[in-house]
Each structure stands twice: as C-alpha cells, then as structure tokens.
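Structural overview
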Amino acid sequence: MKNFWQDLKNKSAKSGKTICVLAPMADVTDAAFRRIIAKYGKPDVMWTEFVSADGLIRANAEGKKKLLRDLAFDESERPIVAQLFSSNPEYMYQAAKMIREMGFDGLDINMGCPDRGIEKQKAGAALMRNPRLAREVLRAALQGVSDGIDPKGRKSIPVSVKTRVGYNKNELETWLPQLLAEKPAMITVHGRTRKEMSKVPARWENVKRAVEIRDELKSETLIFGNGDVVSLEDAQNKARETGADGIMIGRAIFGNPWFFSKNFTETNDQFRVTRAEISVKEKLRVMVEHTELFEKLLGDVKNFSVMKKHFKAYVTGFDGAAELRAKLMETNTANEVKTIVDIFISNNIL
Ligand SMILES: Cc1cc2nc3c(=O)[nH]c(=O)nc-3n(C[C@H](O)[C@H](O)[C@H](O)COP(=O)(O)O)c2cc1C
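Computed from a prediction, not measured in an experiment: that's the story for all the values here.

So, on to the overall build of the protein. Across its full length, the protein carries 14 helices and ten strands. A compact globule built from 350 residues should have a C-alpha radius of gyration of about 20 Å, and the protein, at 20 Å, falls within 12% of that. Across the 350 residues that make up the protein, the buried fraction comes to 48%. For the protein, restricting intrachain contacts to residue pairs at least 6 apart in sequence, the fraction spanning at least 24 positions comes to 69%.

What follows is about the nonpolar core. Where a protein is soluble and globular, its nonpolar side chains tend to be buried together. Judged by nonpolar contacts, the single largest core of 103 residues is most densely connected at L84, M92, L107, A141 and I249. Beyond its immediate stretch of four places on either side in the chain, A141 contacts M92, A96, L107, I109 and V159.

A separate point is the sheet that holds strand β6 (residues 186–193). With parallel pairing, the eight strands of this open sheet are ordered in space as β1-β8-β7-β6-β5-β4-β3-β2. Among the strands making up the open sheet, the edge pair consists of β1 (19–22) and β2 (46–52). Between one strand and the next, the sheet's axes are offset by a mean angle of 30°, whatever the strand orientation. By the bridge criterion, five bridges tie β6 to strand β7 (residues 222–226) in an arrangement that is parallel. Across the sheet, the residue bridging to V189 is G225, located in β7. Strands β1, β7 and β8 (246–249) of the sheet are contacted by helix α10 (residues 232–242), whose axis makes an angle of about 140° with β8.

Let's shift gears to the site of the ligand. The full set close to the ligand counts 21 residues, and A23, M25, F50, G250 and R251 are the nearest of them. When the residues that make up the shell around the ligand are grouped by side-chain class, the tally is ten nonpolar, seven polar and four charged.

Attention shifts here to the domain arrangement of the protein. Here the protein is partitioned into domain 1 (4–255) and domain 2 (280–347). Each of domain 1 and domain 2 was reduced to a C-alpha centroid, and the two centroids are 30 Å apart. At the level of secondary structure, the elements contributing two or more residues to the side of domain 1 that touches domain 2 comprise α2 (31–40) and α4 (61–70). Sort the elements by how many residues they give to the side of domain 1 that touches domain 2 and α2 lands first, with six residues. Residue composition of the side of domain 1 that touches domain 2, by class: six nonpolar, one polar and five charged.

Contact geometry of helix α11 (residues 280–298) with helix α14 (residues 334–347) gives a least axis separation of 9 Å together with a crossing angle of 170°. Put simply, α11 runs roughly antiparallel to α14. Contacts between α11 and α14 involve K281, L284, V288, T291, E292 and E295 from the first element and A334, V337, K338, V341 and I345 from the second.

Turning our attention to the packing of helix α7 (residues 131–146) against helix α8 (residues 172–180). Closest axis-to-axis distance for the α7/α8 pair is 9 Å, and the angle between their directions is 25°. In this view, α7 runs roughly parallel relative to α8, as classed from their interaxial angle. The two elements α7 and α8 cross, and the hand of that crossing is right-handed. For the pair α7 and α8, contact is made by P131, A134, R135 and L138 and by W175, Q178 and L179, respectively. A per-class count over the contact of α7 with α8 returns five nonpolar, one polar and one charged.

Once that is clear, we can look at unusual backbone geometry. In this model, R78 is joined to P79 through a cis peptide bond whose omega is -5°. With respect to the helices, strands and loops of the structure, P79 is situated in the loop between α4 and β3 (80–85). Backbone geometry at D27 places phi at a positive 60°, although glycine is not the residue there. Residue placement: D27 occurs in the loop between β1 and α2. D27 sits in the partly exposed class, given 14 other C-beta atoms within 10 Å.

Here is what the cut-offs are and how they apply
Residues numbered from 1 in each chain as written. Predicted model: local features only at pLDDT ≥ 70, side-chain atom pairs only at ≥ 80, totals over all residues. Helix = DSSP H or I, 4+ residues; strand = E, 2+ residues; numbered from the N terminus. Rg over C-alpha atoms; globule rule 2.2 N^0.38 Å. Buried ≥ 20, exposed ≤ 12 C-beta atoms within 10 Å, placed from the backbone. Contact = placed C-beta atoms within 7 Å. Core = buried A, V, L, I, M, F, W, Y, C linked by C-beta atoms within 7 Å. Pairing = 2+ DSSP bridges. Axes fitted to C-alpha atoms, helices over the stretch in contact; angles between N-to-C directions. Near = placed C-beta within 6 Å. Nonpolar A, V, L, I, M, F, W, Y, C, P; charged D, E, K, R; others polar. Domains from an automatic or database assignment. Parallel < 35°, antiparallel > 145°, perpendicular 65-115°, else oblique. Left-handed = near helix turned anticlockwise from the far one by under 90°.

Below, the structure is given as structure tokens:
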C-alpha cells in the first residue's frame, strides 16, 4: 500500500534531507503545543500524546470525552499520527477503526513506555516481554485501520510501532523480526532498553543494527531512530551514520517550538540542545500565545500546572530569567502570565 511514509521517503531521497518527526510526549506535545509547533517550526510528521485504546472503547461518556480531547487536532498539524497503547487486540481493533474515521494520517502503537500504570495493563514496554501478544495487537490495529468508513475515501492508513531495543537487555535480534513479520509501515527504535529508562545515553549503534536486521529480512518497513538528538544537523548525521530512514525528536523541542526550522546549539537544563536564534521578546510572546492557546483548548480538562514545565524551558539563559521564572510558577491563568511578561518586557526595555 502506498502511504505518506513512502512519499516522505521519496522526497527525502531527492532532497537529501533527513525525515524529522516530533516524538509523542504526554502532557507536553498536547493540542496547544502542537499547534504552536506547526506555526513556528513544523516537523515532517506530528504525533499525539499516547492515548489508551481501551479507554476510547470502554470508558464512560465523561472519560471518553476527555480522551477524545487528547486526540483533537488542527489541519495545520498534518500529517499527524495518533499514538495508542493497549494489550487488548479487540479494543485496539475498535480504536484503530476510530482513529482512521477521525481522519488521522497514521496510527502508532506504543510498545516502549516504561510507565508502571501502563505496564500493569501489559501495554507499553511490557509488550516486549510478550511478542506473541504484541503481534496480535499490531495485527488488530492493521485490520482496524483497513475496516470501516474513511472520511477521506482512503483504503487504509499506515500503522507504525514505537519501541525500545529490549526490556532488560538488548533483544533486537529476536524482538525486531517479530514486529517486522507483521509488516508495519514504520518502526521507531528508541536506542535504550526499558531498564535503562533515560538514564544512559541512547545507543545509536542499536539503531544501525535495527536497520541491518530490516535489510537482512528484506523488509520494506522504515526504521527511525530516537534518543538524545539535539539539532537538525545532529539528526542528519545520525541518519547518515546508522542508515535510519528518519529521526524522531522529543525533549529538544522543550521551550523551542522553532526547533524544526532554524537553530543553533546551546545547553539547557537537561542536555546540549539546539535552540532557535530568537529574541527574548519573541520567545516570551510565543510563550504567552502558547499559554493562551492551552487555556482555550485544554483549560477545562488539563491542569494549568502542565504549562509550568514549558515556562521553565522558555524562560532560561537571559538576564532576569530566574526571577521571571519564579513569578510564572505562581500563576494560574494565561492573563496572569501575560501581565507578568508585559511588565518584564517594559521594565527591561525589550
Ligand atoms: C515528558 C515525556 C513524555 C513522554 N511521553 C511519551 C508518550 O506519550 N509516548 C511515547 O511513545 N513516548 C513518550 N516519551 C518518550 C519520547 O517520545 C522519546 O522517546 C524520548 O524522550 C527520547 O527521545 P528524546 O531524547 O529526543 O527526548 C515521553 C518522554 C518525555 C520526556
């Protein structure tokens, strides 16, 4: 089946530019931040935060409504992939049908999340310990996206998997072939095991090996690498070194919705990261815009504290940042944020 992944791959082969996609990050890449990213520095593909497939099917009306808000998206975000987690093939089948009917461009299955709550449901990283069930879930998703009615008249949408190199140890040699056997359109390999969480540097040699395994098996599935990428240049280099078809980027986007457009490298709280050459005033203006959008789109379902990690990331590396950050930590509304920022800008003659 021809799908948008192959179109991207063909374009990338012609232009020589690596495909760079936005990683799913719960309570970070929500509808508000994604819309800001789409406006200021759009990646080749967007991902939603993970959503429970089981919840979409069996939650009560109130619960479902909340989950559907996590799946709300704007046309400006296309192509956009919805990420689901589940260990229940029947729920995955039903939810996959829904995702296609909602008009998403693709469906991604989370098989790497180490969150205890998710692993208790035998989903996320726990699926690496149960390849048979993982394959059933993947098969159900592939069937689900092929059944049902499509708003755009498409026959189907591509299904991908996001996973790690293994559970307690590197299990790529056994784990990856299991997934490839089901022929997903794409697999993202986060270069760490479940046990390593994010404590050690991502091992990109594992991504290279994943590409080799794919080639040895003559599979057509695209392999993307993920972990610690700090800039578009870094992404390009890692794709060249490993042979990966594309790169997924997460934390480098914190406080930096310009990441996928223009950037230079500096150090943030977590690691060396690339930031856009953007004036402090513009950064603060976009932070306010982001906060207003958050309140408008998600204010009734998400806690305002979600915005606080964004404030920390936007407000760093300039004179007066620490005091401004401290003030922003006390806010509860977008209006308060705007007032504080306006005062800071006029006091500092920005
Ligand atoms: C706050 C946060 C939330 C995350 N949520 C998800 C998620 O919903 N689904 C998922 O597959 N991975 C999730 N991840 C993992 C990221 O997608 C990514 O694999 C990881 O951060 C490594 O990439 P990076 O070094 O570019 O950030 C999350 C990571 C962070 C930091």
